[in-house]
Amino acid sequence: MKLRSFLKEMCNEYQGNFMGWVAEDLLKNTEKNDEDTLKYMNNIILYGGSSGAITGLTYYHEITTVFRDYFEDILEYLNDNNVEVIDLTVDNLVWICYQLIVGQFIDAYREIK
């Protein structure tokens, strides 16, 4: 299975929640090939959101909008995965959750590849 096809499946499976939004954002912010998409995802894992690696969440208004729309999903995801967050700012919560979901997508994709 192709990575971009996998992400499209994740969009459909998690439609309406933050995981679906992340999958959609990954597709929107990468080229139309798997190699560039995987490179983008690996950069997010390596450098995190505060580095600007998540191009869809660079500006504060983008981050606050996403947090407002998905705050329950974000907090639930962090809680369900026993993530301890020291810096409880909105941007940090969104970036950490996004980064963890990207890692989860990469792991799941590698399992089915």
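Note that the structure is predicted; figures quoted are calculated from it, not measured.

Visitor: Explain the overall build of the protein chain to me, using residue names and the numbers behind them.
Guide: In terms of helices and strands, the protein chain carries five helices and zero strands. Mapped in sequence order, the helices and strands of the protein chain form the string α-α-α-α-α. If you line up the protein chain on its principal axes, its C-alpha atoms span 35 × 25 × 25 Å. Out of the 113 residues belonging to the protein chain, those deemed buried represent 41%. Carbon and sulfur atoms make up 48% of the accessible area of the protein chain, which amounts to about 6,800 Å² in all. Across the protein chain, 9 positive and 19 negative side-chain charges occur, with their mean positions spaced 11 Å apart.

Visitor: Hey, could you go over the environment of Ala23 for me, with residue numbers and the actual values?
Guide: Mapped onto the fold, Ala23 is located in helix H2 (residues 18-28). Once residues within four sequence positions are removed from consideration, Ala23 is found in contact with Leu7, Met10, Cys11 and Phe105.

Visitor: So what's going on with the nonpolar core? Residues and values would help.
Guide: Where a protein is soluble and globular, its nonpolar side chains tend to be buried together. Residues Phe18, Leu26, Tyr98 and Phe105 are the most contacted members of the largest nonpolar core, which totals 36 residues. Among the secondary structure elements, those contributing two or more residues to this core are helix H1 (3-13), H2, helix H3 (34-47), helix H4 (60-80) and helix H5 (90-112). With ten residues, the top contributor of residues to this core is H5. Excluding residues that lie within four positions of it along the chain, Leu26 makes contacts with Leu7, Tyr40, Met41, Ile44, Tyr98, Val102 and Phe105.

Visitor: Lay out the state of the cysteines in plain terms, naming residues and giving numbers.
Guide: Taken as a whole and assessed by the stated rule, the structure comprises zero disulfides. In this model Cys11 remains outside any disulfide bridge; the closest cysteine sulfur is found in Cys97, 15 Å from its own. Cys11 gets classed as buried once you look at its relative accessible area, which sits at 15%. By relative accessible area, Cys97 is classed as buried at 0%.

Visitor: Summarise H5; cite the residues concerned and give the values.
Guide: Along its 23 residues, H5 runs 33 Å from first to last C-alpha, staying within 8% of the 33 Å computed at 1.5 Å per residue. Of the positions making up H5, those classed as buried are Asn92, Leu93, Val94, Trp95, Cys97, Tyr98, Ile101, Val102, Gly103, Phe105, Ile106 and Tyr109.

Visitor: With reference to specific residues and values, describe the side chain of Thr37.
Guide: Here Thr37 lies in helix H3. There is a polar contact of 3.2 Å between the side chain of Thr37 and the side chain of Thr30. Separated by 2.9 Å, the side chain of Thr37 and the backbone oxygen of Asn33 make a polar contact. If we skip the residues at most four places from it in the chain, Thr37 touches Leu3, Arg4, Leu7, Thr30 and Glu31.

Visitor: Tell me about the packing of aromatic side chains, residues and numbers included.
Guide: On inspection of all chains with the given rule, the structure shows seven aromatic pairs. Summarising the aromatic geometry, the rings of Phe18 and Tyr70 are spaced 5.9 Å apart at their centres and angled 50° between planes, so their arrangement reads as tilted. Of this pair, Phe18 sits in helix H2 while Tyr70 is found in helix H4, placing the two residues 52 residues apart along the sequence. For the pair Phe18 and Tyr70, a shared accessibility class is recorded, and that class is buried. With 6.4 Å between their ring centres and 45° between their planes, Trp21 and Tyr70 make a pair best called tilted. Note that Trp21 is positioned in helix H2 and Tyr70 in helix H4, a separation of 49 residues in sequence. Residue classification places Trp21 among the buried residues on the basis of a relative accessible area of 17%. Ring pairing ties together the aromatic residues Phe18, Trp21, Tyr70 and Tyr98, which thus form one cluster.

So, how was this worked out
Residues numbered from 1 in each chain as written. Predicted model: local features only at pLDDT ≥ 70, side-chain atom pairs only at ≥ 80, totals over all residues. Heavy atoms only, no water. Helix = DSSP H or I, 4+ residues; strand = E, 2+ residues; numbered from the N terminus. Buried < 20%, exposed > 50% of the residue type's maximum accessible area, 1.4 Å probe, protein only. Areas by Shrake-Rupley, 256 points an atom, 1.4 Å probe, with all protein chains shown as cover. Lys, Arg positive; Asp, Glu negative; His and termini not counted. Charge placed at Lys NZ, Arg CZ, Asp CG, Glu CD. Contact = heavy atoms within 4.5 Å. Core = buried A, V, L, I, M, F, W, Y, C linked by side-chain atoms within 4.5 Å. Disulfide = S-S within 2.5 Å. Expected span 1.5 Å × (residues − 1). Polar contact = N/O pair within 3.5 Å; in protein donor to acceptor, adjacent residues only side chain to side chain. Phe/Tyr/Trp six-rings, centres within 6.5 Å; stacked < 30°, edge-to-face > 60°.

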